[in-house]
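Listed below are the residues making up each chain.
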Amino acid sequence: MKKTVFLLLFVILPSMVFGQYKYNRELFSHNMSLENLRNIIPIGDQNSDGYDDFLVFNCSEESIYLFYGGNPMDTLPAMVWMPRNNKQIVNCTAIDLNHNKKLDLLILYVDRNSRGKKEMLGFYGGKDLDTIPDFTFPPPAGASSIYWGYPAMAIPDFDGDGYEDLMIPDFGTPYHPKIYNGTFYFYSTNPVLDTIPKMAIGGDTAQAGRHVTYSGNGITFGDINGDGKTDIWYLSYNLDSLNYMRNIEGHVVLGNSTWDSTSSQIIYQNGHNYYLPIMYLLGDINGDGRTDFILENYNGYFPYYYDRCLIYGKFPVDTIPNAGLNTQYQGSNIEKYMGDINHDGYGDFVTNNGSIYPVAKVWLGSNDMTKHDLPVAYIGGTDNCYGGMIAPVGDVNGDGVNDFAVGTTTLGTTCMDGYFVIISGDTTGLTEIKSGHKITGFGYKLYEAYPNPFNPGTTISYELGETGRVTLKVYDILGREVQTLVDEIKNAGKYEAAFNACNLPSGMYFCTIETGSYLETKKMLLIK
């Protein structure tokens, strides 16, 4: 495989009110052919050594690599699943099927010579995990041989029995030469994995060709109402004569012990000024025990440069957003929930935007996301597509904090030679956000720029509690330093610094002050 020389741009912008996310180090990097939709799968601690492990899909070889976590990590894969009997690997799902607290693997193979006929093979996880299949999982009666199986998804616990469940889609049922109405099949793993679905949610040809789909996060899972059961959010729609989606609906199916697929709530696209297909369950961001939604910005609720927003989990689902995300007028292609990466008790997530020069952005969760509307770190922005792939990996170095992966991919299913990097979580033991702690020392303060927004000049005031060297710098949205306003020793007191942006483009900028152990950042918006 070709080796890739790369430049990593990673600049930390501290948050203002919540804790910081401090970039510690790159734990691991590896050259690999990657694609956007299938890349890294966290699989927990398979070999019981105290480190989480993960799988990587190598798209050029159509194979899956297993890497064991460690400190340091071994750069050689522990094992590799290869194509078999002229069948290539198209998907892998990690789920605990035999209830031994180890994630098992369901790997989907497709036959190159039989119009895409698929075969799903199971591999039990744990210390005996190997590349020899333990069982074959068949499609249900009436399923299509071509469109069944991709992508299977683990469901934490729909029926409340304490065990994971499984969803497998089929977008060839009922089959039509142009239209696939689609079906979601749901399976229980208690007492063992049942090959007969417990429940099915599907398109309805009787309702003018009603469809369901997995694409674009068309089905996601989480505990919306906080009752401990996993709920379902999925989309349905009609296609017009040009195959455009019409009459879009978002459905909530609350988890229940009887496997009832009846929609508990339906949200209709008509009457809302946002696009339902860009609304799905992300994770528990505000720490209330319920899964929150991420969606595109409502027109009028937040400034135009907020491209995404959050709706906090509750039932019934509210259609009014709770907090906006200031993406600095940049779209968001992918959003991935990473768990707690900074040890403050809140779920965090990473987004990315762009295709040629993608930028991955790290966002920290908070009990009040209206005060935490900016990312705290930016990764990528180079011309080798680094930042295009983002994925959770678990705690691979065993320090008690989740880590995450960033790599090189473009949008869609394009396979490209590149690399990925495992980035460590922050273990500095941040003060809890709930306490309202600010990153300020006694007698120190960085004030908001005035005016703000501004064009082209603004004034930044700051206060020092004692004599010492102080730096005051301005960064752009990619974390690049654009101007140093102050870099000298100053006595205690209050000061002002002028920032002139006449030669800079419109956009969001960040002013950071650092002196001794005091560090704080404020945002400024330049509008020309």
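Residues numbered from 1 in each chain as written. Predicted model: local features only at pLDDT ≥ 70, side-chain atom pairs only at ≥ 80, totals over all residues. Heavy atoms only, no water.

### Brief notes about the sheet that holds strand β34 (residues 481-490)
Part 1 of the reasoning: Strand order in this open sheet of four strands is β34-β33-β36-β37, and the pairing throughout is antiparallel. Strands with a single pairing partner mark the edges of an open sheet, and in this sheet they are β34 and β37 (518-526). When strand polarity is set aside, the average angle formed by the axes of neighbouring strands in this sheet is 15 degrees.
Part 2 of the reasoning: Where strand β33 (residues 468-475) meets strand β36 (residues 507-515), five bridges bridge the pair, whose relative direction is antiparallel. Note that in β36 the partner of Thr471 across the bridge is Glu514. (Pairing = 2+ DSSP bridges. Helix = DSSP H or I, 4+ residues; strand = E, 2+ residues; numbered from the N terminus. Axes fitted to C-alpha atoms, helices over the stretch in contact; angles between N-to-C directions.)

### Thoughts on the sheet that holds strand β20 (residues 279-283)
Part 1 of the reasoning: Ordered by their spatial adjacency, four strands build an open sheet running β20-β21-β22-β23, and the pairing between neighbours is antiparallel. Where the open sheet ends on each side, the last strands, each with one partner, are β20 and β23 (323-326). This sheet shows a mean twist of 35 degrees between the axes of neighbouring strands, independent of strand direction.
Part 2 of the reasoning: Pairing geometry for strand β21 (residues 292-296) and strand β22 (residues 306-311), over four bridges, is antiparallel. Considered in β22, the bridge of Leu295 is made with Cys309.

### A few points about the pattern of salt bridges
Part 1 of the reasoning: Inspection of the entire model under this criterion finds 15 salt bridges.
Part 2 of the reasoning: Across the pair Asp128 and Lys127 runs a salt bridge, and its minimum N-O distance is 3.6 Å.
Part 3 of the reasoning: A residue is classified by how much of its surface remains accessible, and Lys127, at 73% relative accessible area, is exposed.
Part 4 of the reasoning: Through salt bridges with shared partners, one network takes in Arg84, Lys87 and Glu119. (Salt bridge = Lys/Arg side-chain N within 4 Å of Asp/Glu carboxyl O. Buried < 20%, exposed > 50% of the residue type's maximum accessible area, 1.4 Å probe, protein only.)

### Overview of the side chain of Asn58
Part 1 of the reasoning: Relative to the helices and strands, Asn58 is located in strand β4 (residues 53-58).
Part 2 of the reasoning: Of the polar contacts made by the side chain of Asn58, one reaches the backbone nitrogen of Glu61; its length is 3.3 Å. (Polar contact = N/O pair within 3.5 Å; in protein donor to acceptor, adjacent residues only side chain to side chain.)

### Quick look at the nonpolar core
Part 1 of the reasoning: Counting residues in hydrophobic clusters, the biggest one holds 40 residues, and the most contacted among them are Trp233, Leu276, Met279, Phe293, Val317, Phe349 and Met369.
Part 2 of the reasoning: Looking at this core, the elements with two or more residues in it are β17 (231-239), β18 (245-253), β20, β21, β22, β23, β26 (359-363) and β36.
Part 3 of the reasoning: Excluding anything up to four places from it in sequence, Met369 contacts Ile285, Leu310, Tyr312, Ala323, Gly324, Leu325, Phe349 and Leu364.
Part 4 of the reasoning: By size, the runner-up hydrophobic cluster in this structure holds 22 residues, among which are Phe499, Tyr509, Cys511 and Ile513. (Core = buried A, V, L, I, M, F, W, Y, C linked by side-chain atoms within 4.5 Å. Contact = heavy atoms within 4.5 Å.)

Function-wise, these values are silent; they only describe arrangement.
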